[in-house]
Amino acid sequence: MAKAKTAYVCTDCGAEHTKWQGQCVECNAWNTLSEFVVQSAQKSVAAARQGGYAGAANTVPRVTALTDVLITAESRTLTGIGELDRVLGGGLVEGSVVLIGGDPGIGKSTLLLQMLGKLGEKLSSVYVTGEESLAQVASRAQRLDLPLQPLHALAETGVERILDQVAATRPRVLVIDSIQTIWTELLTAAPGSVSQVRESAARLTRFAKESGTSVFLVGHVTKEGGIAGPRVLEHMVDAVLYFEGDSGSRFRVLRAFKNRFGAVNELGVFAMSEKGLREVPNPSAIFLSAHSGPTSGSAVMVTREGTRPLLVEVQALVDQSSLGNPRRVALGLEQNRLAMLLAVLHRHGGVAAYDQDVFVNVVGGIRVQETAADLPVLLAVLSSLRDRPLPEKTIAFGEVGLSGEIRPVPNGEERLKEASHHGFQRAIVPKANAPKKGRVGEMEVIGVERLSQAIDACR
Ligand code: TYD
Ligand code: MG
C-alpha cells in the first residue's frame with residue numbers, strides 16, 4: 001500500500017498545498033492552512049469498490065463529440081414545498097447533491113424533515129441524524145403533524161456505516177444532518193475537522209452520482225458567513241442554499257448561492273409557526289417595518305431578487321464619530337459598496353460623511369445583492385444625516401455610478417407596478433426606467449439622471 005501523504009488545505013478556499021505556509025497562494029488568506037492526511041489513490045478506489053459502486057472505476061472514459069452525447073433531461077420531482085422547488089430551480093433533481101447552510105436554530109432540520117414528509121410516498125427517504133436522537137426526530141415529526149409512516153431515520157455518524165445502510169434500503173432521497181458530525185474510518189483526524197468533512201462529503205457525493213439518490217447535506221455556518229470548516233464543500237456539490245433570517249423575525253429566506261440546475265439569487269420565503277415552516281408565496285411587502293409615521297433614516301426600495309419584486313426597507317443611522325477612523329457598517333449589503341456610495345455622495349452630492357459613523361441595515365435579515373439598492377441606501381443615509389424623513393409613501397431604486405450618474409436597472413416597469421400596487425405615491429427612479437407619462441397608476445414617477453436631481457426630488 002502506498003504511504004499516506006500529508007497535505008495542507010486552505011479552510012477558506014479549499015486550495016491544496018504540499019507544505020505548510022502562512023498564507024494561502026490561492027486566496028491570500030493568512031493562517032488558514034490546516035494539515036491532513038491524503039488517501040493514497042489505491043486506498044480510495046478500494047474503498048469505492050467496497051462501497052458497492054465500482055461501476056465508474058471499470059468503464060474507460062473516451063473523448064466524445066457533444067453531438068454524440070445522448071441528452072437526457074434531468075429527472076425532477078416536485079417536493080411539494082413550492083418555495084423550496086423554486087429555489088432548487090423547479091424541483092429536486094435525481095442524483096443531485098444540495099448543501100443547505102445556515103445559522104444554528106434557523107430551521108434547517110425542520111425544513112428538511114417537512115420536505116421528507118411531503119415527499120412521503122412519492123420518494124423513499126432516509127434522514128440521517130448526527131445531532132439528535134431518533135426519539136427527538138420522531139417527536140419533532142409528530143409536532144410538525146407529518147405522516148410518520150413513510151419517514152425513516154438513522155442515528156449514525158460513520159460514513160461507511162451510513163453507506164452500508166442506504167445501500168441496503170436504497171432510498172431516493174438522503175438527508176445528512178449535519179455534515180460536520182460525519183466522519184470516515186479512512187482518516188484519523190477528529191470528526192468535524194476539515195479533512196473529515198471533506199472526505200465524508202466526497203464519499204456521499206460519489207454515492208449520489210452513482211446511485212441516483214438525491215443527497216441533502218446540512219452545514220453549519222461560521223460567524224463570517226461561510227460554511228464552517230471547508231468552503232471546499234461548495235465546489236463539490238451541485239447546489240448551495242443558504243437559509244437566512246433575523247432571529248427576531250419569524251420570516252426566513254432560502255437563497256440559492258450556487259445551482260447547477262437553476263438560477264441563483266432565487267429566493268424562497270417562509271414564515272415560522274408552531275407547526276413548522278409555512279410558505280409565503282406572495283412575500284412582496286413583508287420586509288417593510290411598521291412605522292406609525294415618517295421616520296428619518298428610512299427608505300423603501302423595490303428589489304428584484306430572483307423572479308419576484310420585493311419591497312424592502314433600508315435603514316441608516318449616521319452619527320457623529322468619536323473615532324479617528326469612523327465606522328462603516330453594512331448589514332444585508334456589501335460593505336465596500338457602502339464606502340463607495342459615501343464617496344460618491346461627497347463628491348457629487350456635496351454631502352460629507354467622513355467624520356460620521358454610518359450604519360446601514362436591510363430590514364428583516366434579508367440580504368440585497370443587486371445594485372438597485374444604491375440610490376435608496378444613499379437617500380436613507382442622507383435622511384438620517386439631516387434628521388429629516390423622506391417624503392411619505394416614496395420608493396426609490398437605481399444604480400449609482402462613480403461619476404454621480406443614476407443608471408437604469410432591469411425590470412423597472414415591474415418594480416414600479418408592484419410599488420403602485422402597494423399604495424406608494426411617489427417613486428424616485430433612474431430616468432430610463434421611468435415611463436414617459438410620469439405616472440404608474442396613481443403613483444407619480446420622478447425620473448432622475450444625476451444624484452443631485454435625486455436629492456432635490458426628496459425635498
Ligand atoms: P431547527 O430546525 O432545529 O434549526 P436548525 O436545524 O437550523 O438548527 O429549528 C430550531 C428551533 O426552532 C426548533 O426548536 C424548532 C423551532 N421551530 C419552530 O418552532 N417553528 C418553525 O417553523 C421552525 C423552522 C423552527
Ligand atoms: Mg438542526
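For clarity, every value in this text was computed on a predicted model and none was experimentally measured.

The rules behind these values
- Residues numbered from 1 in each chain as written.
- Chains lettered and ligands numbered in written order.
- Predicted model: local features only at pLDDT ≥ 70, side-chain atom pairs only at ≥ 80, totals over all residues.
- UniProt positions renumbered as here; feature names shortened; annotations may be inferred.
- Helix = DSSP H or I, 4+ residues; strand = E, 2+ residues; numbered from the N terminus.
- Pairing = 2+ DSSP bridges.
- Axes fitted to C-alpha atoms, helices over the stretch in contact; angles between N-to-C directions.
- Contact = placed C-beta atoms within 7 Å.
- Domains from an automatic or database assignment.
- Buried ≥ 20, exposed ≤ 12 C-beta atoms within 10 Å, placed from the backbone.

1. Re the UniProt feature "domain: RecA family profile" (unreviewed entry) in the protein
The UniProt record marks residues 73-221 with the feature "domain: RecA family profile" (unreviewed entry), using the residue numbering of this structure. In the segment residues 73-221, helix accounts for 39% and strand for 20%; the C-alpha atoms at its two ends are 33 Å apart.

2. Things to note about the sheet that holds strand 9 (residues 173-177)
Think of a sheet as strands paired side by side through backbone hydrogen bonds, with each pair either parallel or antiparallel. Reading across from one edge, 8-7-9-10-6-11-12-13-14 is the order of the 9 strands in this open sheet, with mixed pairing throughout. Bordering the open sheet on either side are strand 8 (153-155) and strand 14 (276-279), each of which pairs with just one other strand. Each adjacent strand pair in this sheet contributes to an overall mean axis angle of 25°, direction not counted. Note: strand 13 (residues 267-273) against strand 14, 4 bridges, orientation antiparallel. Bridge pairing links alanine 271 to arginine 278 in strand 14. Running at roughly 165° to strand 9, helix 4 (residues 108-119) makes contact with strand 6 (97-102), strand 7 (125-129), strand 9, strand 10 (214-220), strand 11 (239-244) and strand 14 of the sheet.

3. A short note on the domain arrangement of the protein
According to the domain assignment, the protein consists of domain 1 (1-45), domain 2 (74-279) and domain 3 (298-457). Computed from C-alpha atoms alone, the centre-to-centre distance between domain 1 and domain 2 is 27 Å.

4. So, the UniProt feature "binding site: ATP" (unreviewed entry) in the protein
On the UniProt side, "binding site: ATP" (unreviewed entry) is annotated at positions that read Gly102, Asp103, Pro104, Gly105, Ile106, Gly107, Lys108 and Ser109 here. Judged by the 17 C-beta atoms lying within 10 Å of it, aspartate 103 falls in the partly exposed class. Its place among the elements puts lysine 108 in helix 4. Leave out the neighbours within four places in its chain, and lysine 108 touches Ile100, Gly102, Val218 and Phe243.

5. Observations concerning unusual backbone geometry
For the peptide bond that leads from aspartate 177 to serine 178, omega is 0°, which places it in the cis range. Relative to the assigned elements, serine 178 resides in the loop between strand 9 and helix 7 (194-211). With phi around 55°, asparagine 31 is a residue other than glycine that occupies positive phi space. Examined against the element boundaries, asparagine 31 turns out to sit in the loop between strand 2 (16-17) and strand 3 (33-38). Even without being a glycine, asparagine 411 presents a positive backbone phi close to 60°. Among the secondary structure elements, asparagine 411 is positioned in the loop between strand 21 (406-407) and helix 11 (412-421). Judged by the 15 C-beta atoms lying within 10 Å of it, asparagine 411 falls in the partly exposed class.

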